[in-house]
Amino acid sequence: MSNRDGGSGSLGTLLAGAVIGAAGFAWWLYSEAERRQQHTRQERSLRLSRLTDHDEQAFDPNSESPVVREHELQDKVQQLNQAIEDVRRQLEGLSPQS
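What counts, and at which threshold
- Residues numbered from 1 in each chain as written.
- Predicted model: local features only at pLDDT ≥ 70, side-chain atom pairs only at ≥ 80, totals over all residues.
- Heavy atoms only, no water.
- Helix = DSSP H or I, 4+ residues; strand = E, 2+ residues; numbered from the N terminus.
- Buried < 20%, exposed > 50% of the residue type's maximum accessible area, 1.4 Å probe, protein only.
- Areas by Shrake-Rupley, 256 points an atom, 1.4 Å probe, with all protein chains shown as cover.
- Patch = residues over 30% accessible without salt bridge, like charges linked within 9 Å, V, L, I, M, F, W, Y side chains within 5 Å.
- Salt bridge = Lys/Arg side-chain N within 4 Å of Asp/Glu carboxyl O.
- Polar contact = N/O pair within 3.5 Å; in protein donor to acceptor, adjacent residues only side chain to side chain.

Moving on, we come to the overall build of the chain. Broken down by element type, the chain carries two helices and zero strands. In the chain, buried positions account for 2% of the 98 residues. Roughly 9100 Å² of accessible area belongs to the chain as shown, and the carbon and sulfur atoms make up 59% of that amount.

So, about a nonpolar patch on the surface. A cluster of nonpolar residues, Phe25, Trp27, Trp28 and Leu29, forms a patch on the protein surface that exposes about 490 Å² of accessible area. Tryptophan 28 gets classed as partly exposed once you look at its relative accessible area, which sits at 43%.

As a further point, take the pattern of salt bridges. Side chains that carry opposite charge are capable of pairing whenever their charged atoms lie near each other. Overall, the coordinates contain five salt bridges when judged by the stated rule. In this structure, the salt-bridge partner of glutamate 85 is arginine 89, at a minimum N-O distance of 3.7 Å. On the criterion of helical spacing, the pair formed by glutamate 85 and arginine 89 is a turn pair, its members being four residues apart in helix 2 (residues 65-94). The exposure class of glutamate 85 is partly exposed, given its relative accessible area of 25%. Taking the relative accessible area as the measure of exposure, arginine 89 reaches 44% and is therefore partly exposed. Of the charged contacts in the structure, one is a salt bridge between glutamate 92 and arginine 88, with a shortest N-O distance of 2.5 Å. Of the two residues, glutamate 92 and arginine 88 are both situated in helix 2; the distance of four residues between them amounts to about one turn of the helix. What makes arginine 88 partly exposed here is its relative accessible area of 37%.

So, about the environment of glutamate 92. For glutamate 92, a relative accessible area of 45% puts it in the partly exposed group. Within the structure, glutamate 92 has its side chain in polar contact with the side chain of arginine 88 (distance 2.5 Å).

This is the structure in structure tokens:
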């Protein structure tokens, strides 16, 4: 066996390894894309079921959660308005008087 035959054998082995590696990498990328797509579908399904449950609660006359949420929202709006008023007063106190 000559030096040349050994070199071409090594080159063939190298190319075969590269092809197998590329195929393995492509399979891994494909399986990851499938996994992500399945995860996205599951999340979407879960979100839709939560929205459906929320909508059913909103129209349920026995459910108190929309009323509670409305009060919580009103409280938050009042807190924000108070904070805005406080900041306005502070800014007025910082501005130079003419």
